[in-house]
Amino acid sequence: MPNAITSRRSFLKSLSAGCIGGSLLSAHCITQSPKLPNFIIIFCDDLGYGDVGCFGSKLHRTPNLDAMAKAGTKFTSFYVSSGVCSPSRSSLMTGCYSQRVDMNMNAEPVGKNKMRQVLFPVAKKGLNPNEITIAELLKPKGYATACIGKWHLGDQPEFLPTKQGFDLYYGIPYSNDMGSQQFNINPPLPLMLNEKVIEAPVDQNTITKRYTEKAIEFINKNKDNPFFLYLPHAMPHNPVHASKAFQGKSANNGYGDAVEEIDWSTGQILNTLKELGLDENTLVFFTSDNGASPSYGGNNLPLKGWKGSTLEGGMRVPCIMKWTGKIPQNRECNELTSTMDLLPTLCTLSGTTPPQDRIIDGKDIHSLIFGNPGARTPHQVFYYYQKDQLQALRSGPWKLHLPLENKYKAVHLLDTVPSELELYNLEEDIAESNNIAEQHPDVVEILLDIAERARRDLGDKDRPGEQVRHAGIVVSPKPIAMD
């Protein structure tokens, strides 16, 4: 494999030349189009599968998201690569399993060799600057790029969004529960503009509102140019917050207030696109970084499990896609798809190509997005990892939970990963309630063979993967502080 730094530089330079390689479909090589499409990814924090009206919520009023689903497509088998924040976000940005890019665990143990999954303030670790993000792939095509919201892929200067292809960064560098009021050793929770702290601690009651205003400002500023807006909300992660207009208004306490404000925010962005005449040239994604937590009012039904587990409720998330005039309206797609697929798909739609010098786990799903007749998932298998441990895998309708000698406990103990080998048909049993392993020994045998390939490639507990790239490491990290 070529040297990562050299190949990264030459690859990014070559992107500005237009369509590269033979992998792009000519029908979607948009370099011949007078205007490249815009892309918006709205990424919630801990929003559950059943927290949105169009996915079954009876508590939360989400008229804007429900209208978005009617005007677009719901993806009901849409996955993230991890049940927690940092690993999931690394996969969205790079199109890879978090194990592939070494972002599945923090670098520093807590207590007796217990490893955290997510990055904490002043962490040594971050997404390696040599990784190539969606933003870096789009910039050579002339895209303006902005990350507005929670980053959580490293808080050191080397790891910030401005070093990963984003022209603008406005947001918090890690989770909203990681300020000094929760952890005495941490700095106050900072709001950053590019690489500077502009407020600490940030007023979280207004954070969704301010993210929305900044996003609309970015859209207006770039209405005549192609743009990529990544909007990773801080909510409804605990502690939940909402502005005064939404406080105490939902039927589900503070959690519901936060969800309903996100719905309002999405409506504001969609209305802005329509007012500017951009809705027919903008693909909008709405999804979450992992399943909901049970402790604060979240809902993953009809799925089993919670944030942090490899049950469906931990890693299958709500997803809505809308592109006026391009995506079929009021449609549901149940094909297996993932946040990892966004990178190769946006490459196709923008007339570029994913990196060729490294493994990219995501697949181009534009045919599913556009509802092409006969389109099927390009994934033969999907892996469910927790930390460095392969705990389950899915192929077609079949999901196999592996026997775990030293299983990690889920973040929430109400649901833990099954300890015995279990097989489910998710098309018939979405709640993982009927173990049919004994009835299908042939399926179990095939999936166990596939699992061994994953262990060799991506690793497993106490077994390093053969095709894993290193994360970035700062030897002496420093706390973020205001000037």
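Conventions and cut-offs
Residues numbered from 1 in each chain as written. Predicted model: local features only at pLDDT ≥ 70, side-chain atom pairs only at ≥ 80, totals over all residues. Heavy atoms only, no water. Salt bridge = Lys/Arg side-chain N within 4 Å of Asp/Glu carboxyl O. Helix = DSSP H or I, 4+ residues; strand = E, 2+ residues; numbered from the N terminus. Buried < 20%, exposed > 50% of the residue type's maximum accessible area, 1.4 Å probe, protein only. Pairing = 2+ DSSP bridges. Axes fitted to C-alpha atoms, helices over the stretch in contact; angles between N-to-C directions. Contact = heavy atoms within 4.5 Å.

Participant: Give me the pattern of salt bridges: which residues, what numbers.
Facilitator: Between side chains of opposite charge, a pair can form as their charged atoms come close. Under the definition given, this model contains 22 salt bridges. Salt-bridge contacts for Glu217 lead to Lys214; the nearest nitrogen and oxygen are separated by 3.9 Å. Taken as a pair, Glu217 and Lys214 lie in helix α5 (residues 207–221) at a separation of three residues, close to a single helical turn. Classification of Glu217 as partly exposed rests on a relative accessible area of 49%. For Lys214, a relative accessible area of 18% puts it in the buried group. With its nearest N and O atoms 3.0 Å apart, the salt bridge here joins Lys399 to Glu432. In this pair, Lys399 is assigned in strand β18 (residues 398–401) and Glu432 in the loop between β19 (422–425) and α10 (441–458), connecting sequence segments 33 residues apart. Note on accessibility: Lys399 and Glu432 belong to one class, buried. Taken together, the shared-partner salt bridges in this structure form one network comprising Asp45, Arg89, Lys150 and Asp289.

Participant: Which residues make up the sheet that holds β19, and what are the values?
Facilitator: Adjacent strands of a sheet pair through backbone hydrogen bonds, lying either parallel or antiparallel. Pairing in this open sheet of four strands is antiparallel, and the strands run β16-β17-β18-β19 from one edge to the other. Among the strands making up the open sheet, the edge pair consists of β16 (382–386) and β19. Put simply, the sheet's adjacent strands are angled 20 degrees from each other on average, direction ignored. Running over the sheet, α10 touches β16, β17 (389–395), β18 and β19 and is turned about 130 degrees from β17.

Participant: Got a sec to walk through the sheet that holds strand β9 (residues 191–193)? Specific residues and values, please.
Facilitator: The ten strands are arranged β10-β9-β8-β7-β11-β1-β12-β13-β2-β14 in an open sheet whose pairing can be described as mixed. For this open sheet the edge positions go to β10 (196–199) and β14 (331–333), each flanked by a neighbour on one side alone. Neighbour to neighbour, the strand axes of the sheet diverge by 20 degrees on average, direction disregarded. With five bridges connecting them, strand β1 (residues 38–44) and strand β11 (residues 227–232) associate as parallel partners. Within the sheet, the bridge partner assigned to Ile42 lies in β11 and is Leu231. Here helix α2 (residues 63–71) sits on the sheet and contacts β2 (73–75), β12 (282–288), β13 (319–322) and β14; the angle it forms with β13, its principal contact strand, is near 60 degrees.

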